[in-house]
Amino acid sequence: MSGASSPTQTLREEHRVILRAIALLEVAAGRLGDGRPLPDGWWDGLLDWLRGFADLNHHGKEERHLFPALAQAGVPADGGPVSVMLEEHAEGRALIQAMAAGAPGRRAEAARRYGHLLRDHIDKENGVLLPLADAVLDPQAQLLLSRGFEKVEAERGPAAFIELAEAEVDRLAAALGA
């Protein structure tokens, strides 16, 4: 296996950073909902981060590599935890779209719904799906999964690197004063 961590540990680390971004989103949604301004470009910057790191990178790893690996290991793709995760990914994408346009109150409400969705989603993945993956994926499947994750990161470029993603969350937190 390449790198120091397993594929599921990589996803858990990404969850940790995504949860930090969600906390910032919730602070910003509170300000928007109260009619208070955000720093110029801040909201769009966070949405870009959510699209790039949380969705294209993180959810991309799950959808393109983890979920198919679980199916190959016998975890049902329909009606099981994987189908729930896919539905929630789609719901999250729709909420990101809703956060991108419209009146501030509507964007704030979509942000609150997104935060709630992602917190519950990550709890399910950390509590059920990733332990299941650790249990059913043999060392060869884990190696293939690591290689698949590396492929997603190579396609996404530096924006996929957790260190850079976390540095951007730090920058957004500082700009927000949170």
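Scroll up to find the structure this text is about.
The rules behind the values
Residues numbered from 1 in each chain as written. Predicted model: local features only at pLDDT ≥ 70, side-chain atom pairs only at ≥ 80, totals over all residues. Heavy atoms only, no water. Axes fitted to C-alpha atoms, helices over the stretch in contact; angles between N-to-C directions. Helix = DSSP H or I, 4+ residues; strand = E, 2+ residues; numbered from the N terminus. Parallel < 35°, antiparallel > 145°, perpendicular 65-115°, else oblique. Left-handed = near helix turned anticlockwise from the far one by under 90°. Nonpolar A, V, L, I, M, F, W, Y, C, P; charged D, E, K, R; others polar. Contact = heavy atoms within 4.5 Å. Buried < 20%, exposed > 50% of the residue type's maximum accessible area, 1.4 Å probe, protein only. Core = buried A, V, L, I, M, F, W, Y, C linked by side-chain atoms within 4.5 Å.

Caption draft 1: Main features of the packing of helix 1 (residues 7-33) against helix 4 (residues 104-136). Following both chains from N to C, one finds helix 1 and helix 4 inclined at 160 degrees, their axes separated by 9 Å at the closest point. Viewed along their axes, helix 1 and helix 4 adopt a mutual orientation that is roughly antiparallel. Remark: the crossing between helix 1 and helix 4 carries left-handed chirality. Of the residues that constitute the contact of helix 1 with helix 4, the class distribution is 17 nonpolar, 7 polar and 7 charged.

Caption draft 2: Spotlight on the environment of A108. Among the secondary structure elements, A108 is positioned in helix 4. Beyond its immediate sequence surroundings of up to four residues, A108 is in contact with A29, L32 and G33.

Caption draft 3: Focus on the side chain of D55. Its place among the elements puts D55 in helix 2 (residues 42-72). The class for D55 is buried, based on a relative accessible area of 12%. When sequence neighbours within four positions are dropped, the list of residues in contact with D55 reads L50, G60 and R93.

Caption draft 4: Quick look at the nonpolar core. The biggest cluster of nonpolar side chains holds 33 residues, and the ones touching the most others in it are L25, W42, W43, W49, L50, M99 and Y114. Counting residues per element, the ones that place at least two in this core are helix 1, helix 2, helix 3 (81-100), helix 4 and helix 6 (162-176). Of all the elements, helix 1 adds the most residues to this core, at 9 residues. Once you skip the residues sitting within four places of it in the chain, L25 turns out to touch W42, W43, L46, L50, M99, A111 and Y114. V75, L129, L137 and A141 belong to the second-largest nonpolar core, a separate cluster that totals 15 residues.

Keep in mind these numbers describe shape, not what the thing actually does.
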